[in-house]
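Chain residues, written in single-letter form:
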Amino acid sequence: YEISANRVVGAITLYLLFGVLWAIAYAVVENILPGSFNGMSEPFAQGWSSDWLYFSFVTMTTLGYGDITPVTATARALAYLQAVFGQFYIAILVAGLVGAYISRYGRN
């Protein structure tokens, strides 16, 4: 397939969308099992918090500051699954782009 700006922007947008979806999953887990996370700056009773997005992207990029931590087994499972997903997504994306570049321009 051809590498285009639309494909790259689409891949980035999909990555960001997955980050938001994981953030929603974390909020749902905290709603169902209160106390699943330590270090939230805002009380969950106020509703949605930007901390969920922050934690999601710190986890997905495997940056892992450790200021917000999953405590329950469910929260930990979601966190490590997201970390693995984030690494595989980037690896597969880069491999696909390199493969497309090599197939288009060859090794001449």
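Since this is a predicted model, take the numbers as computed values, not measurements.

Each value, and the rule that gives it
- Residues numbered from 1 in each chain as written.
- Predicted model: local features only at pLDDT ≥ 70, side-chain atom pairs only at ≥ 80, totals over all residues.
- Heavy atoms only, no water.
- Helix = DSSP H or I, 4+ residues; strand = E, 2+ residues; numbered from the N terminus.
- Expected span 1.5 Å × (residues − 1).
- Buried < 20%, exposed > 50% of the residue type's maximum accessible area, 1.4 Å probe, protein only.
- Contact = heavy atoms within 4.5 Å.
- Axes fitted to C-alpha atoms, helices over the stretch in contact; angles between N-to-C directions.
- Parallel < 35°, antiparallel > 145°, perpendicular 65-115°, else oblique.

With that settled, consider helix H3 (residues 73-105). Because an α-helix packs 3.6 residues into every turn, residues spaced three or four apart end up facing the same way. The end-to-end C-alpha distance of H3 is 48 Å, a good match for the 48 Å that 33 residues give at a rise of 1.5 Å each. All buried positions along H3 are accounted for by Ala75, Leu78, Ala79, Gln82, Ala83, Gly86, Tyr89 and Ala100. The secondary structure elements touched by the buried residues of H3 are helix H1 (5-32), strand E1 (37-38), helix H2 (50-60) and strand E2 (69-70). Phi turns positive, to about 65°, at glycine 106, one or two residues after H3.

Looking now at the packing of H2 against H3. Interaxial distance between H2 and H3 falls to 7 Å at its minimum, and their mutual angle equals 55°. One finds that H2 runs oblique with respect to H3. Contacts from Phe55, Ser56, Thr59 and Met60 in H2 reach Ala79, Gln82, Ala83, Phe85, Gly86 and Gln87 in H3.

Keep in mind that these numbers describe shape and distance, not what the molecule does.
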